[in-house]
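For reference, the chains in residue letters:
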Amino acid sequence: MDRQVHDQLKCAAASAVAAGVALAVTSGVREAPGVHVGDVVFAAAVATLWTLLKSTRLKGIGLLRDLDATQPLPDPDTPTPTVFRPRFPLRVLVLYLVAALGLSLLFSPWWSLLPLVGAVDWLSDAVVTAHWERRRGRTLWRGHDPDEPGRLAFTTVTPPPAPRTATDAPPG
């Protein structure tokens, strides 16, 4: 099982790497696209708006409806992995890189930034999911069940034990 937030962050990193490689290759072959401050501000505003839309219950866009519908892990006695497993999503990297390179070399160098759309989407998913986990005291896991691939399940986060004093009196 993989932690959902880690999976989303790995995919965001893979698509950002694909955008960087595509931009470097395109800049070596053609002229690099000129970026202005207004373009960066507009992209940041769109990314913020997209993240806000993802944090709603709107059908088809928002994530909260799907996150609230997750079920607990079927067998809570099964130890869940708590260590970040560094499997890099090569399929995402290759898919975005091939698409961005093909489009940017055939048409416009701006197409080399296409993978950033995927990076923003996965990053907004990770932010919304991490906020949901923190507010509800749960951790979301993406299972590898062949019957239901990609099914999410949660485990509860146990609160840390209360601090103890030398006399065993309650703190404060």
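What comes next is a walk through the structure. (Residues numbered from 1 in each chain as written. Predicted model: local features only at pLDDT ≥ 70, side-chain atom pairs only at ≥ 80, totals over all residues. Heavy atoms only, no water.)

1. Description of a nonpolar patch on the surface
On the surface, a cluster of nonpolar side chains totalling about 570 Å² of accessible area is made up of Val 17, Val 21, Val 25, Val 29, Phe 88, Leu 90 and Leu 105. Taken together, the elements giving at least two residues each to the nonpolar patch come down to helix H1 (4-29) and helix H4 (90-106). Counting residues per element, the nonpolar patch draws most heavily on H1, at 4 residues. Summarising the element assignment, Leu 105 is placed in helix H4. (Patch = residues over 30% accessible without salt bridge, like charges linked within 9 Å, V, L, I, M, F, W, Y side chains within 5 Å. Areas by Shrake-Rupley, 256 points an atom, 1.4 Å probe, with all protein chains shown as cover. Salt bridge = Lys/Arg side-chain N within 4 Å of Asp/Glu carboxyl O. Helix = DSSP H or I, 4+ residues; strand = E, 2+ residues; numbered from the N terminus.)

2. Considerations on the packing of H1 against H4
A pair of packed helices can be characterised by two numbers: the angle between their axes and the separation between those axes. Closest axis-to-axis distance for the H1/H4 pair is 8 Å, and the angle between their directions is 30 degrees. Compared by their axis directions, H1 and H4 come out roughly parallel. Classified by chirality, the crossing of H4 by H1 is right-handed. Residue-level inspection shows Cys 11, Ala 14, Ser 15, Val 17, Ala 18, Val 21, Ala 22, Val 25, Thr 26 and Val 29 of H1 in contact with H4, the latter providing Val 92, Leu 93, Tyr 96, Leu 97, Ala 100, Leu 101, Ser 104 and Leu 105. Split into classes, the residues belonging to the contact of H1 with H4 amount to 15 nonpolar, 3 polar and no charged. (Axes fitted to C-alpha atoms, helices over the stretch in contact; angles between N-to-C directions. Parallel < 35°, antiparallel > 145°, perpendicular 65-115°, else oblique. Left-handed = near helix turned anticlockwise from the far one by under 90°. Contact = heavy atoms within 4.5 Å. Nonpolar A, V, L, I, M, F, W, Y, C, P; charged D, E, K, R; others polar.)

3. Comments concerning the pattern of salt bridges
Applying the stated criterion across every chain, the model contains 6 salt bridges. In this structure, Glu 133 and Arg 3 form a salt bridge, with 2.5 Å as the shortest nitrogen-oxygen distance. With Glu 133 in helix H5 (residues 115-136) and Arg 3 in strand S1 (residues 2-3), this pair connects stretches of sequence that are 130 residues apart. For Arg 3, a relative accessible area of 25% corresponds to the partly exposed category. With a closest N to O distance of 3.5 Å, Arg 142 and Asp 7 form a salt bridge. Here the residue Arg 142 occupies a position in strand S3 (residues 138-144), and Asp 7 occupies one in helix H1, the gap between them amounting to 135 residues. (Buried < 20%, exposed > 50% of the residue type's maximum accessible area, 1.4 Å probe, protein only.)

4. Points about the packing of aromatic side chains
Tallying each qualifying case throughout the model produces 1 aromatic pair. Measuring from ring centre to ring centre gives 6.2 Å for Tyr 96 and Trp 122, while their planes differ by 85 degrees; the resulting arrangement is edge-to-face. Taken as a pair, Tyr 96 in helix H4 and Trp 122 in helix H5 lie far apart in primary sequence, 26 residues in all. (Phe/Tyr/Trp six-rings, centres within 6.5 Å; stacked < 30°, edge-to-face > 60°.)

5. Considerations on the nonpolar core
Leu 63, Leu 64, Leu 67, Val 128, Trp 132, Leu 140, Leu 152 and Phe 154 form the largest nonpolar core, which has 8 residues in total. Every element with two or more residues in this core is listed here: helix H3 (64-68), H5 and strand S4 (149-156). With near-sequence residues (within four places) excluded, Phe 154 lies in contact with Thr 70, Gln 71, Pro 72, Leu 73, Arg 138, Thr 139 and Leu 140. Counting residues in hydrophobic clusters, the runner-up holds 5 residues, among them Cys 11, Ala 14, Ala 18 and Leu 93. (Core = buried A, V, L, I, M, F, W, Y, C linked by side-chain atoms within 4.5 Å.)

6. Structural notes on the packing of helix H2 (residues 37-54) against H5
With their axes 9 Å apart at the nearest point, H2 and H5 run at an angle of 45 degrees to one another. Classed by the angle they form, the pair H2 and H5 counts as oblique. You can see that H2 and H5 cross each other, and the crossing is right-handed. Of H5, the residues touching H2 (which contributes Ala 47, Trp 50, Thr 51 and Lys 54) are Val 120, Asp 121, Ser 124, Asp 125, Val 127 and Val 128. Looking at the contact of H2 with H5, its residues break down into 5 nonpolar, 2 polar and 3 charged.

Keep in mind that these numbers describe shape and distance, not what the molecule does.
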